[in-house]
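# Inside the fold
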Amino acid sequence: MGKTASFTVEDRIKNLIIEKFAVGIKGKELLDDATLGAMGLGMVEIYECIVAVEDLFEVSMDDSDGAADSWTISSLAGCVRKKLKDKSRRGINWKSSFENIVFSGRCTNLRTPLNIHLDLTFRCTSRCIFCYDSSGKGNGQAEMTGEEIKRIIDECKRLDIVQITFGGGEPFIRNEFMELLRYAKKYNFRVAILSNGTLITSEIARELSGCLDMRFDMIQISLDAPVPDVHDAQRGIPGTFEKTMTGIRNLREAGIMPVINTVLTKLNYEYIPGMLSFLIENDLNSIRLLRLHPLGRGKDADFFNKWRLTPEQSESLFNYLNEKRDELMGRLHISNDNACIFPMSAAAIRNSITPRPGREPLSYACGAGTTMLSIGPDGGVYPCSYMYEFPELRVGSVRENNIKELWDNNGLWDRYRNPLVPGDKCRGCNYLYMCKTGCRILSYAVSGDMGAPDPGCAYNPGLESCGDVKGAEERDEVVTNLRNTLCY
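To keep things clear, this report deals only with the structure shown in the data block. Computed from a predicted structure; not experimentally measured. (Residues numbered from 1 in each chain as written. Predicted model: local features only at pLDDT ≥ 70, side-chain atom pairs only at ≥ 80, totals over all residues. Heavy atoms only, no water.)

### Section: the nonpolar core
In terms of nonpolar packing, the biggest core is built from 111 residues, with Leu118, Phe166, Leu208 and Ile375 touching the most fellow members. If you look at the next biggest cluster of nonpolar residues, it comprises 27 residues, including Leu16, Phe21, Met39 and Ile50. (Core = buried A, V, L, I, M, F, W, Y, C linked by side-chain atoms within 4.5 Å. Buried < 20%, exposed > 50% of the residue type's maximum accessible area, 1.4 Å probe, protein only.)

The following block contains the structure:
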(Lines give C-alpha, C1' and ligand atoms only; values in the text may rest on other atoms or scores of the structure.)
Protein backbone atom coordinates (compact mmCIF):
# COMPACT_ATOMS: atom_id res chain seq x y z
CA MET A 1 0.00 0.00 0.00
CA GLY A 2 1.43 3.36 -1.04
CA LYS A 3 1.59 5.88 1.79
CA THR A 4 1.14 9.56 1.25
CA ALA A 5 4.19 11.61 2.14
CA SER A 6 2.24 13.99 4.42
CA PHE A 7 -1.18 14.25 5.97
CA THR A 8 -2.00 17.76 7.17
CA VAL A 9 -4.33 19.91 5.10
CA GLU A 10 -1.39 22.27 4.46
CA ASP A 11 0.80 19.43 3.21
CA ARG A 12 -1.92 18.07 0.94
CA ILE A 13 -2.34 21.53 -0.61
CA LYS A 14 1.44 21.82 -1.07
CA ASN A 15 1.55 18.42 -2.77
CA LEU A 16 -1.29 19.49 -5.05
CA ILE A 17 0.56 22.70 -6.05
CA ILE A 18 3.75 20.76 -6.74
CA GLU A 19 1.91 18.17 -8.87
CA LYS A 20 -0.08 20.71 -10.92
CA PHE A 21 2.31 23.63 -11.21
CA ALA A 22 5.78 22.12 -10.99
CA VAL A 23 7.09 24.31 -13.83
CA GLY A 24 5.63 27.59 -12.58
CA ILE A 25 7.03 27.18 -9.06
CA LYS A 26 10.38 25.73 -10.02
CA GLY A 27 13.00 26.96 -7.57
CA LYS A 28 10.37 28.61 -5.33
CA GLU A 29 10.06 27.70 -1.66
CA LEU A 30 6.49 26.87 -0.68
CA LEU A 31 6.04 28.90 2.50
CA ASP A 32 2.77 28.57 4.42
CA ASP A 33 2.40 32.33 4.81
CA ALA A 34 3.49 33.39 1.29
CA THR A 35 0.78 34.27 -1.24
CA LEU A 36 0.30 31.96 -4.20
CA GLY A 37 1.44 34.80 -6.46
CA ALA A 38 4.72 35.06 -4.59
CA MET A 39 5.26 31.38 -5.29
CA GLY A 40 5.28 32.08 -9.01
CA LEU A 41 1.65 31.37 -9.90
CA GLY A 42 -0.22 33.69 -12.26
CA MET A 43 -3.87 34.65 -11.72
CA VAL A 44 -5.19 31.89 -14.01
CA GLU A 45 -3.06 29.33 -12.22
CA ILE A 46 -4.25 30.62 -8.85
CA TYR A 47 -7.86 30.09 -9.90
CA GLU A 48 -6.94 26.62 -11.20
CA CYS A 49 -5.30 25.92 -7.86
CA ILE A 50 -8.41 26.95 -5.91
CA VAL A 51 -10.60 24.76 -8.14
CA ALA A 52 -8.21 21.84 -7.57
CA VAL A 53 -8.42 22.38 -3.79
CA GLU A 54 -12.22 22.39 -4.04
CA ASP A 55 -12.13 19.09 -5.91
CA LEU A 56 -9.62 17.53 -3.51
CA PHE A 57 -11.60 18.33 -0.35
CA GLU A 58 -15.10 18.44 -1.93
CA VAL A 59 -15.82 21.99 -0.74
CA SER A 60 -16.82 25.22 -2.51
CA MET A 61 -15.04 28.56 -2.18
CA ASP A 62 -16.69 31.89 -2.95
CA ASP A 63 -15.75 35.57 -3.05
CA SER A 64 -16.61 36.06 0.61
CA ASP A 65 -13.77 33.70 1.55
CA GLY A 66 -11.15 36.18 0.33
CA ALA A 67 -9.56 37.66 -2.78
CA ALA A 68 -7.80 35.12 -4.99
CA ASP A 69 -4.49 36.99 -4.99
CA SER A 70 -4.38 36.99 -1.17
CA TRP A 71 -4.49 33.24 -0.70
CA THR A 72 -1.68 31.52 1.14
CA ILE A 73 -1.29 27.84 1.96
CA SER A 74 -2.21 28.60 5.58
CA SER A 75 -5.31 30.62 4.71
CA LEU A 76 -6.43 28.04 2.16
CA ALA A 77 -6.01 25.27 4.74
CA GLY A 78 -7.89 27.26 7.36
CA CYS A 79 -10.75 27.90 4.95
CA VAL A 80 -10.89 24.22 3.99
CA ARG A 81 -11.10 23.15 7.64
CA LYS A 82 -13.94 25.59 8.28
CA LYS A 83 -15.80 24.41 5.18
CA LEU A 84 -15.41 20.76 6.17
CA LYS A 85 -16.61 21.47 9.70
CA ASP A 86 -19.64 23.44 8.50
CA LYS A 87 -20.40 20.76 5.94
CA SER A 88 -20.35 17.98 8.55
CA ARG A 89 -22.75 19.91 10.79
CA ARG A 90 -25.36 20.84 8.21
CA GLY A 91 -25.14 17.91 5.81
CA ILE A 92 -28.42 16.15 5.06
CA ASN A 93 -28.43 12.39 5.63
CA TRP A 94 -31.00 10.73 3.36
CA LYS A 95 -31.55 7.90 5.81
CA SER A 96 -32.12 10.18 8.79
CA SER A 97 -34.45 12.40 6.79
CA PHE A 98 -36.78 9.52 5.95
CA GLU A 99 -36.50 7.89 9.38
CA ASN A 100 -37.58 11.14 11.02
CA ILE A 101 -41.02 10.68 9.47
CA VAL A 102 -41.36 7.63 11.70
CA PHE A 103 -39.32 8.85 14.65
CA SER A 104 -41.46 12.01 14.95
CA GLY A 105 -44.63 9.96 15.20
CA ARG A 106 -46.04 10.97 11.82
CA CYS A 107 -46.54 7.33 10.86
CA THR A 108 -45.82 3.94 12.45
CA ASN A 109 -43.60 2.70 9.63
CA LEU A 110 -42.55 3.49 6.08
CA ARG A 111 -44.37 1.84 3.17
CA THR A 112 -41.34 -0.38 2.56
CA PRO A 113 -38.01 -0.66 4.39
CA LEU A 114 -35.24 1.72 3.40
CA ASN A 115 -32.51 -0.75 4.24
CA ILE A 116 -32.33 -4.54 4.29
CA HIS A 117 -29.61 -6.01 6.47
CA LEU A 118 -28.84 -9.32 4.72
CA ASP A 119 -26.55 -11.67 6.65
CA LEU A 120 -25.32 -14.40 4.32
CA THR A 121 -23.67 -16.72 6.85
CA PHE A 122 -22.78 -17.15 10.49
CA ARG A 123 -19.52 -18.83 9.45
CA CYS A 124 -16.52 -16.64 10.16
CA THR A 125 -12.72 -16.63 10.08
CA SER A 126 -12.69 -14.86 13.47
CA ARG A 127 -14.06 -15.80 16.88
CA CYS A 128 -14.64 -12.33 18.31
CA ILE A 129 -15.05 -12.62 22.07
CA PHE A 130 -17.99 -10.18 21.97
CA CYS A 131 -19.64 -11.21 18.66
CA TYR A 132 -23.28 -10.13 18.81
CA ASP A 133 -24.50 -13.17 16.85
CA SER A 134 -21.88 -15.68 18.11
CA SER A 135 -20.54 -16.25 14.60
CA GLY A 136 -17.89 -18.89 14.10
CA LYS A 137 -18.58 -22.35 12.73
CA GLY A 138 -22.02 -21.35 11.47
CA ASN A 139 -24.41 -22.16 14.35
CA GLY A 140 -25.66 -25.21 12.45
CA GLN A 141 -28.05 -23.15 10.34
CA ALA A 142 -29.05 -24.19 6.84
CA GLU A 143 -27.92 -21.18 4.82
CA MET A 144 -30.03 -19.83 1.98
CA THR A 145 -28.83 -20.76 -1.47
CA GLY A 146 -27.49 -18.20 -3.91
CA GLU A 147 -30.75 -18.41 -5.88
CA GLU A 148 -32.82 -17.73 -2.75
CA ILE A 149 -30.69 -14.66 -2.03
CA LYS A 150 -31.11 -13.44 -5.60
CA ARG A 151 -34.88 -13.71 -5.22
CA ILE A 152 -34.63 -11.51 -2.11
CA ILE A 153 -32.59 -8.97 -4.09
CA ASP A 154 -35.21 -9.08 -6.88
CA GLU A 155 -37.95 -8.28 -4.37
CA CYS A 156 -35.89 -5.45 -2.89
CA LYS A 157 -35.85 -3.94 -6.37
CA ARG A 158 -39.63 -4.26 -6.72
CA LEU A 159 -40.09 -2.61 -3.31
CA ASP A 160 -37.81 0.34 -4.19
CA ILE A 161 -35.54 -0.44 -1.24
CA VAL A 162 -32.56 1.93 -1.23
CA GLN A 163 -29.73 -0.01 0.43
CA ILE A 164 -28.67 -3.59 1.10
CA THR A 165 -26.16 -4.22 3.87
CA PHE A 166 -24.28 -7.51 3.46
CA GLY A 167 -22.93 -8.99 6.68
CA GLY A 168 -22.38 -12.18 8.61
CA GLY A 169 -20.37 -13.87 9.99
CA GLU A 170 -17.91 -13.08 7.28
CA PRO A 171 -19.68 -12.54 3.92
CA PHE A 172 -16.56 -13.25 1.85
CA ILE A 173 -16.50 -16.80 3.25
CA ARG A 174 -19.30 -17.61 0.78
CA ASN A 175 -17.73 -18.52 -2.55
CA GLU A 176 -20.50 -16.83 -4.54
CA PHE A 177 -20.45 -13.55 -2.60
CA MET A 178 -18.96 -11.50 -5.44
CA GLU A 179 -21.60 -12.90 -7.80
CA LEU A 180 -24.35 -11.88 -5.35
CA LEU A 181 -22.81 -8.45 -4.94
CA ARG A 182 -22.69 -7.88 -8.70
CA TYR A 183 -26.30 -9.04 -8.89
CA ALA A 184 -27.31 -6.39 -6.34
CA LYS A 185 -25.31 -3.67 -8.10
CA LYS A 186 -27.07 -4.54 -11.35
CA TYR A 187 -30.11 -2.88 -9.77
CA ASN A 188 -28.06 0.14 -8.59
CA PHE A 189 -28.66 -0.46 -4.89
CA ARG A 190 -26.53 1.38 -2.42
CA VAL A 191 -24.43 -1.36 -0.84
CA ALA A 192 -22.67 -1.68 2.50
CA ILE A 193 -20.35 -4.61 3.26
CA LEU A 194 -19.39 -5.55 6.83
CA SER A 195 -16.19 -7.61 6.88
CA ASN A 196 -13.12 -8.44 8.95
CA GLY A 197 -10.97 -8.10 5.82
CA THR A 198 -9.09 -11.38 6.26
CA LEU A 199 -10.32 -12.91 2.99
CA ILE A 200 -9.94 -9.85 0.76
CA THR A 201 -7.22 -10.79 -1.70
CA SER A 202 -5.76 -8.47 -4.35
CA GLU A 203 -8.03 -10.10 -6.93
CA ILE A 204 -11.16 -9.63 -4.81
CA ALA A 205 -10.20 -6.01 -4.10
CA ARG A 206 -9.87 -5.33 -7.83
CA GLU A 207 -13.27 -6.95 -8.43
CA LEU A 208 -14.78 -4.78 -5.69
CA SER A 209 -13.24 -1.69 -7.27
CA GLY A 210 -14.88 -2.51 -10.58
CA CYS A 211 -18.24 -3.24 -8.94
CA LEU A 212 -18.73 -0.64 -6.19
CA ASP A 213 -19.40 3.07 -6.55
CA MET A 214 -17.50 4.52 -3.60
CA ARG A 215 -19.46 7.78 -3.77
CA PHE A 216 -22.37 5.83 -2.29
CA ASP A 217 -21.23 2.34 -1.34
CA MET A 218 -19.27 1.44 1.78
CA ILE A 219 -17.08 -1.39 3.00
CA GLN A 220 -16.43 -1.56 6.73
CA ILE A 221 -13.43 -3.44 8.11
CA SER A 222 -13.06 -4.40 11.77
CA LEU A 223 -9.77 -3.34 13.37
CA ASP A 224 -9.56 -3.01 17.14
CA ALA A 225 -6.02 -1.81 17.83
CA PRO A 226 -2.81 -0.68 16.14
CA VAL A 227 -0.92 -3.63 17.63
CA PRO A 228 -1.40 -7.32 16.75
CA ASP A 229 -1.74 -8.84 20.22
CA VAL A 230 -4.61 -6.60 21.33
CA HIS A 231 -6.53 -6.92 18.06
CA ASP A 232 -6.00 -10.69 17.95
CA ALA A 233 -7.09 -11.05 21.58
CA GLN A 234 -10.40 -9.30 20.89
CA ARG A 235 -10.94 -11.08 17.58
CA GLY A 236 -10.18 -14.48 19.07
CA ILE A 237 -7.68 -15.89 16.54
CA PRO A 238 -3.89 -15.38 16.49
CA GLY A 239 -2.63 -13.84 13.26
CA THR A 240 -5.90 -12.03 12.49
CA PHE A 241 -4.26 -8.59 12.63
CA GLU A 242 -1.82 -9.33 9.82
CA LYS A 243 -4.53 -10.88 7.64
CA THR A 244 -6.84 -7.92 8.24
CA MET A 245 -4.09 -5.43 7.42
CA THR A 246 -3.30 -7.35 4.22
CA GLY A 247 -6.96 -7.08 3.23
CA ILE A 248 -6.94 -3.35 3.99
CA ARG A 249 -3.78 -2.82 1.91
CA ASN A 250 -5.36 -4.72 -0.97
CA LEU A 251 -8.40 -2.45 -0.82
CA ARG A 252 -6.26 0.69 -0.76
CA GLU A 253 -4.16 -0.48 -3.70
CA ALA A 254 -7.42 -1.03 -5.61
CA GLY A 255 -8.50 2.54 -4.82
CA ILE A 256 -11.07 1.66 -2.14
CA MET A 257 -11.12 3.54 1.17
CA PRO A 258 -12.71 1.33 3.86
CA VAL A 259 -14.34 2.58 7.04
CA ILE A 260 -12.57 1.14 10.07
CA ASN A 261 -14.83 -0.16 12.84
CA THR A 262 -13.39 -0.52 16.35
CA VAL A 263 -15.20 -2.18 19.28
CA LEU A 264 -14.24 -0.57 22.56
CA THR A 265 -13.25 -2.62 25.60
CA LYS A 266 -11.02 -2.12 28.62
CA LEU A 267 -8.28 -3.89 26.71
CA ASN A 268 -7.99 -1.54 23.73
CA TYR A 269 -9.14 1.68 25.47
CA GLU A 270 -5.62 2.98 26.07
CA TYR A 271 -4.62 2.26 22.46
CA ILE A 272 -7.19 4.56 20.84
CA PRO A 273 -4.89 7.63 20.57
CA GLY A 274 -2.28 5.44 18.89
CA MET A 275 -5.01 3.95 16.70
CA LEU A 276 -5.84 7.36 15.20
CA SER A 277 -2.18 7.99 14.35
CA PHE A 278 -1.85 4.45 12.97
CA LEU A 279 -4.76 4.96 10.58
CA ILE A 280 -3.35 8.24 9.25
CA GLU A 281 0.08 6.65 8.79
CA ASN A 282 -1.53 3.82 6.82
CA ASP A 283 -3.46 6.12 4.46
CA LEU A 284 -6.84 5.44 6.09
CA ASN A 285 -9.23 8.31 6.72
CA SER A 286 -12.40 7.07 8.43
CA ILE A 287 -13.12 5.35 11.76
CA ARG A 288 -16.19 4.45 13.77
CA LEU A 289 -15.89 3.43 17.41
CA LEU A 290 -18.60 1.20 18.89
CA ARG A 291 -19.36 0.56 22.55
CA LEU A 292 -19.49 -3.03 23.77
CA HIS A 293 -22.94 -4.63 23.60
CA PRO A 294 -24.36 -7.34 25.91
CA LEU A 295 -25.26 -9.64 23.02
CA GLY A 296 -24.09 -12.98 21.68
CA ARG A 297 -20.77 -13.99 23.24
CA GLY A 298 -20.85 -10.70 25.15
CA LYS A 299 -24.22 -11.41 26.75
CA ASP A 300 -22.92 -13.04 29.95
CA ALA A 301 -23.32 -10.40 32.67
CA ASP A 302 -19.96 -11.07 34.32
CA PHE A 303 -18.19 -10.94 30.95
CA PHE A 304 -19.98 -7.75 29.88
CA ASN A 305 -19.34 -5.92 33.16
CA LYS A 306 -15.69 -6.99 33.20
CA TRP A 307 -14.93 -5.81 29.65
CA ARG A 308 -17.02 -2.70 29.15
CA LEU A 309 -15.56 0.73 29.79
CA THR A 310 -16.31 2.46 33.06
CA PRO A 311 -18.52 5.55 32.87
CA GLU A 312 -15.42 7.67 33.49
CA GLN A 313 -13.52 6.00 30.64
CA SER A 314 -16.48 6.31 28.28
CA GLU A 315 -16.95 10.01 28.92
CA SER A 316 -13.23 10.71 28.77
CA LEU A 317 -12.98 8.95 25.42
CA PHE A 318 -16.06 10.75 24.09
CA ASN A 319 -14.53 14.14 24.98
CA TYR A 320 -11.16 13.13 23.52
CA LEU A 321 -12.72 12.06 20.23
CA ASN A 322 -14.66 15.32 20.02
CA GLU A 323 -11.41 17.25 20.30
CA LYS A 324 -9.61 15.05 17.79
CA ARG A 325 -12.52 15.24 15.35
CA ASP A 326 -11.92 18.97 14.90
CA GLU A 327 -8.13 18.73 15.11
CA LEU A 328 -7.93 16.00 12.44
CA MET A 329 -10.54 17.52 10.11
CA GLY A 330 -9.44 16.84 6.54
CA ARG A 331 -7.09 14.06 7.60
CA LEU A 332 -9.22 11.55 9.51
CA HIS A 333 -13.00 11.37 9.77
CA ILE A 334 -14.12 10.24 13.22
CA SER A 335 -17.76 9.23 13.10
CA ASN A 336 -20.03 11.65 14.94
CA ASP A 337 -22.84 9.12 15.55
CA ASN A 338 -21.80 8.90 19.25
CA ALA A 339 -21.70 5.09 19.04
CA CYS A 340 -18.71 5.12 21.41
CA ILE A 341 -20.96 6.01 24.35
CA PHE A 342 -24.58 5.98 25.39
CA PRO A 343 -25.32 9.65 24.55
CA MET A 344 -27.03 10.66 27.80
CA SER A 345 -23.98 9.43 29.72
CA ALA A 346 -21.95 12.31 28.29
CA ALA A 347 -22.30 15.60 30.17
CA ALA A 348 -21.39 17.49 26.98
CA ILE A 349 -24.42 16.00 25.21
CA ARG A 350 -26.79 16.54 28.15
CA ASN A 351 -25.64 20.15 28.45
CA SER A 352 -26.50 20.74 24.79
CA ILE A 353 -30.09 19.52 25.26
CA THR A 354 -32.92 21.45 26.87
CA PRO A 355 -34.33 19.26 29.69
CA ARG A 356 -38.02 18.53 29.25
CA PRO A 357 -39.31 17.20 32.58
CA GLY A 358 -42.45 15.12 32.26
CA ARG A 359 -42.37 15.20 28.46
CA GLU A 360 -42.44 11.88 26.62
CA PRO A 361 -41.19 11.53 23.04
CA LEU A 362 -43.61 11.83 20.14
CA SER A 363 -42.49 8.34 19.12
CA TYR A 364 -40.42 5.59 20.72
CA ALA A 365 -39.54 4.18 17.31
CA CYS A 366 -36.07 3.16 16.21
CA GLY A 367 -35.19 1.79 12.78
CA ALA A 368 -36.03 -1.80 13.76
CA GLY A 369 -39.26 -2.80 12.05
CA THR A 370 -40.11 0.77 11.05
CA THR A 371 -37.52 1.70 8.40
CA MET A 372 -35.40 -1.47 8.21
CA LEU A 373 -35.40 -5.20 8.79
CA SER A 374 -32.81 -7.96 8.96
CA ILE A 375 -32.68 -11.34 7.27
CA GLY A 376 -30.55 -14.08 8.80
CA PRO A 377 -28.59 -16.73 6.89
CA ASP A 378 -31.48 -19.22 7.17
CA GLY A 379 -34.04 -16.71 5.88
CA GLY A 380 -35.37 -15.76 9.32
CA VAL A 381 -36.68 -12.18 9.46
CA TYR A 382 -36.02 -9.95 12.46
CA PRO A 383 -36.54 -6.22 13.06
CA CYS A 384 -32.79 -5.85 13.73
CA SER A 385 -29.71 -8.04 13.35
CA TYR A 386 -29.02 -7.63 17.08
CA MET A 387 -32.02 -9.91 17.71
CA TYR A 388 -30.76 -13.13 16.09
CA GLU A 389 -30.16 -14.93 19.39
CA PHE A 390 -33.68 -14.22 20.63
CA PRO A 391 -35.92 -16.61 18.62
CA GLU A 392 -39.03 -15.19 20.27
CA LEU A 393 -38.35 -11.90 18.43
CA ARG A 394 -38.34 -13.55 14.99
CA VAL A 395 -41.25 -12.26 12.90
CA GLY A 396 -41.17 -14.79 10.05
CA SER A 397 -39.11 -16.23 7.23
CA VAL A 398 -38.58 -15.26 3.60
CA ARG A 399 -38.73 -18.99 2.87
CA GLU A 400 -42.40 -18.90 3.86
CA ASN A 401 -43.52 -15.35 3.02
CA ASN A 402 -42.12 -12.55 0.90
CA ILE A 403 -40.80 -9.35 2.46
CA LYS A 404 -43.88 -7.31 1.53
CA GLU A 405 -46.28 -9.77 3.17
CA LEU A 406 -44.28 -9.71 6.39
CA TRP A 407 -43.77 -5.94 6.38
CA ASP A 408 -47.48 -5.22 5.90
CA ASN A 409 -48.56 -7.49 8.77
CA ASN A 410 -48.57 -4.93 11.60
CA GLY A 411 -49.41 -7.62 14.14
CA LEU A 412 -45.91 -9.05 13.75
CA TRP A 413 -44.33 -5.73 14.67
CA ASP A 414 -46.36 -4.66 17.72
CA ARG A 415 -43.29 -4.37 19.94
CA TYR A 416 -41.57 -2.01 17.49
CA ARG A 417 -44.32 0.12 15.96
CA ASN A 418 -46.28 0.81 19.16
CA PRO A 419 -45.19 3.02 22.09
CA LEU A 420 -42.98 1.59 24.83
CA VAL A 421 -43.63 1.88 28.54
CA PRO A 422 -40.48 3.43 30.02
CA GLY A 423 -39.25 1.66 33.12
CA ASP A 424 -37.14 2.29 36.24
CA LYS A 425 -35.07 5.52 36.14
CA CYS A 426 -36.34 6.39 32.64
CA ARG A 427 -39.73 7.30 34.11
CA GLY A 428 -39.68 11.04 34.74
CA CYS A 429 -36.14 11.52 33.42
CA ASN A 430 -35.67 15.04 32.05
CA TYR A 431 -34.01 13.63 28.93
CA LEU A 432 -36.55 10.91 28.04
CA TYR A 433 -37.95 13.12 25.27
CA MET A 434 -34.70 12.82 23.31
CA CYS A 435 -33.36 9.51 24.63
CA LYS A 436 -36.46 7.26 24.28
CA THR A 437 -34.86 4.82 26.81
CA GLY A 438 -32.00 3.99 24.41
CA CYS A 439 -31.62 0.76 22.42
CA ARG A 440 -34.60 -1.46 23.14
CA ILE A 441 -32.87 -4.71 22.18
CA LEU A 442 -29.95 -4.05 24.53
CA SER A 443 -32.46 -3.36 27.30
CA TYR A 444 -34.28 -6.57 26.40
CA ALA A 445 -31.04 -8.57 26.41
CA VAL A 446 -30.23 -7.49 29.96
CA SER A 447 -33.63 -7.24 31.62
CA GLY A 448 -36.21 -8.76 29.26
CA ASP A 449 -37.97 -5.38 29.08
CA MET A 450 -37.60 -3.19 25.99
CA GLY A 451 -38.66 -0.13 27.98
CA ALA A 452 -35.96 -0.57 30.63
CA PRO A 453 -32.97 1.80 30.69
CA ASP A 454 -30.27 1.12 28.12
CA PRO A 455 -27.49 -0.87 29.89
CA GLY A 456 -24.99 1.74 28.70
CA CYS A 457 -26.77 4.59 30.48
CA ALA A 458 -24.66 5.84 33.38
CA TYR A 459 -26.80 8.93 34.01
CA ASN A 460 -28.78 9.04 37.25
CA PRO A 461 -31.54 11.68 37.07
CA GLY A 462 -31.09 14.38 39.68
CA LEU A 463 -27.43 13.58 40.38
CA GLU A 464 -24.44 15.63 39.24
CA SER A 465 -22.18 12.64 38.57
CA CYS A 466 -23.02 9.19 37.36
CA GLY A 467 -21.69 5.68 37.49
CA ASP A 468 -19.17 3.76 39.55
CA VAL A 469 -15.81 5.27 38.69
CA LYS A 470 -12.74 3.13 39.27
CA GLY A 471 -9.38 4.57 40.22
CA ALA A 472 -6.44 4.56 37.83
CA GLU A 473 -4.63 1.84 39.80
CA GLU A 474 -7.62 -0.48 39.67
CA ARG A 475 -8.15 0.20 35.94
CA ASP A 476 -4.52 -0.73 35.24
CA GLU A 477 -4.95 -3.93 37.22
CA VAL A 478 -8.07 -4.84 35.22
CA VAL A 479 -6.27 -4.39 31.91
CA THR A 480 -3.29 -6.46 33.12
CA ASN A 481 -5.57 -9.26 34.31
CA LEU A 482 -7.47 -9.28 31.03
CA ARG A 483 -4.25 -9.67 29.07
CA ASN A 484 -3.03 -12.47 31.35
CA THR A 485 -6.26 -14.43 31.23
CA LEU A 486 -7.06 -14.18 27.51
CA CYS A 487 -7.32 -17.48 25.72
CA TYR A 488 -7.97 -18.21 22.06
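Now that the structure is up, let's keep going.
### Some words on the sheet that holds strand E10 (residues 396-397)
Spatial strand order, E7-E6-E5-E4-E3-E2-E1-E8-E9-E10: 10 strands in an open sheet with mixed pairing. Here the strands that pair on one side only, and so sit at the sheet edges, are strand E7 (333-334) and E10. Here strand E5 (residues 259-263) pairs with strand E6 (residues 286-290) via four bridges, running parallel. Within the sheet, the bridge partner assigned to isoleucine 260 lies in E6 and is isoleucine 287. Taken strand by strand, helix H9 (residues 240-253) contacts strand E4 (218-222) and E5, and its axis lies near 155 degrees from that of E4. (Pairing = 2+ DSSP bridges. Helix = DSSP H or I, 4+ residues; strand = E, 2+ residues; numbered from the N terminus. Contact = heavy atoms within 4.5 Å. Axes fitted to C-alpha atoms, helices over the stretch in contact; angles between N-to-C directions.)

### Focus on helix H6 (residues 177-186)
Within H6, seven of the 10 residues are buried, which leaves the element mostly enclosed by the surrounding structure. Inspection of H6 places Phe177, Met178, Leu180, Leu181, Tyr183, Ala184 and Lys185 among the buried residues, and these make up the whole buried set. Residues of H6 that are buried sit in contact with helix H5 (146-158), strand E2 (163-167), strand E3 (190-195) and helix H7 (202-211). Positive backbone phi, at 65 degrees, marks asparagine 188, one or two positions downstream of H6.

### What about the pairing of strand E8 (residues 372-375)?
Burial along E8 is two-sided: Met372 and Ser374 and Leu373 and Ile375, pointing in opposite directions, are all buried. Pairing of strand E1 (residues 115-119) with E8, which is carried by four bridges, proceeds in the parallel orientation. Across the sheet, histidine 117 pairs through a bridge with serine 374, a residue of E8. Pairing geometry for E8 and strand E9 (residues 380-382), over two bridges, is antiparallel. Across the sheet, the residue bridging to isoleucine 375 is valine 381, located in E9. Once E8 ends, the chain turns through four residues before running back antiparallel as E9, passing glycine 379 with a positive phi of about 95 degrees.

### Examining helix H2 (residues 43-57)
Along its 15 residues, H2 runs 21 Å from first to last C-alpha, staying within 8% of the 21 Å computed at 1.5 Å per residue. Taken together, the buried positions of H2 are Ile46, Cys49, Ile50, Ala52, Val53, Glu54 and Phe57. In the segment just after H2, glutamate 58 is the residue with positive phi, at about 55 degrees. (Expected span 1.5 Å × (residues − 1).)

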